[in-house]
Amino acid sequence: MAARPSPQERGKEFTAGGSWNKGTLYVFVADFKANILAHSANGKIVGKNLWDVKDAAGKLFVQDQVKQMQAGASGSVQMRWMNPATKQIDDAEALIGRVPGQEVYVGAVWFK
């Protein structure tokens, strides 16, 4: 029996491009410890922990996402982040939702 692929291996389907990256819109998957499992705009951060990452305004936006997911609330988190299309810092929003039965959530980031 073949070994089960790691979350990073499973996430390669949409990591860093493909149909999951649409200019200023991208998707990501993270766990409740802030480990990035897949990211359609930046494959270099897959496998990294972003718990202490701050946005351009100093906001711990990943911690805000995880806390929302732990509370069982789908929703959104505002942030100032690098727009992948313009390479400029812009206002963005991450729409997030928990994967049922898992300590994992999926997000879609769009720029205003």
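Before reading further, recall that the structure is shown in the block above.
Structural notes, computed from the coordinates. (Residues numbered from 1 in each chain as written. Predicted model: local features only at pLDDT ≥ 70, side-chain atom pairs only at ≥ 80, totals over all residues. Heavy atoms only, no water.)

**Comments concerning helix α2 (residues 61-70)**
Those residues of α2 that fall on the buried side of the exposure criterion are Phe-61, Val-62, Gln-63, Gln-65, Val-66 and Met-69. With its phi angle positive at about 85°, Gly-72 sits one or two positions after the end of α2. (Buried < 20%, exposed > 50% of the residue type's maximum accessible area, 1.4 Å probe, protein only. Helix = DSSP H or I, 4+ residues; strand = E, 2+ residues; numbered from the N terminus.)

**Things to note about the packing of aromatic side chains**
Pairs of aromatic rings are described using the distance from one ring centre to the other and the angle between the two planes. Following the criterion strictly, the structure yields four aromatic pairs and no others. Here Phe-28 and Tyr-105 contribute two aromatic rings whose centre-to-centre distance is 5.9 Å and whose plane-to-plane angle is 90°, an arrangement assigned as edge-to-face. Residue Phe-28 is located in strand β2 (residues 25-31), and its partner Tyr-105 is located in strand β6 (residues 104-111); the two are separated by 77 residues in the primary sequence. By relative accessible area, which is 0% here, Tyr-105 ends up buried. Their ring planes at 50° and their centres at 6.4 Å tell us that Phe-32 and Tyr-105 sit as a pair that is tilted. Of this pair, Phe-32 sits in the loop between β2 and β3 (36-39) while Tyr-105 sits in strand β6, placing them 73 residues apart in sequence. Both residues of the pair, Phe-32 and Tyr-105, belong to the buried class. Put simply, the rings of Phe-28, Phe-32 and Tyr-105 pair up and form one aromatic cluster. (Phe/Tyr/Trp six-rings, centres within 6.5 Å; stacked < 30°, edge-to-face > 60°.)

**Details of the pattern of salt bridges**
Applying the stated criterion across every chain, the model contains three salt bridges. In this structure, Asp-64 engages Lys-59 in a salt bridge whose closest nitrogen and oxygen atoms are separated by 3.9 Å. The partly exposed category is assigned to Asp-64, whose relative accessible area is 29%. Judged by relative accessible area, Lys-59 falls into the partly exposed class, the value being 29%. Measuring nitrogen to oxygen at the nearest pair gives 3.9 Å for the salt bridge that ties Lys-112 to Glu-93. You can see Lys-112 sitting in the segment after β6 and its partner Glu-93 sitting in strand β5 (residues 89-98), a full 19 residues away along the chain. On the accessibility criterion, Lys-112 (54% relative accessible area) is exposed. (Salt bridge = Lys/Arg side-chain N within 4 Å of Asp/Glu carboxyl O.)

**Thoughts on the environment of Met-69**
Locating Met-69 in the fold gives a position in helix α2. We classify Met-69 as buried; its relative accessible area is 1%. Sequence spacing of Met-69 and Val-99 is 30 residues, and the spatial spacing of their C-alpha atoms is 9.5 Å.

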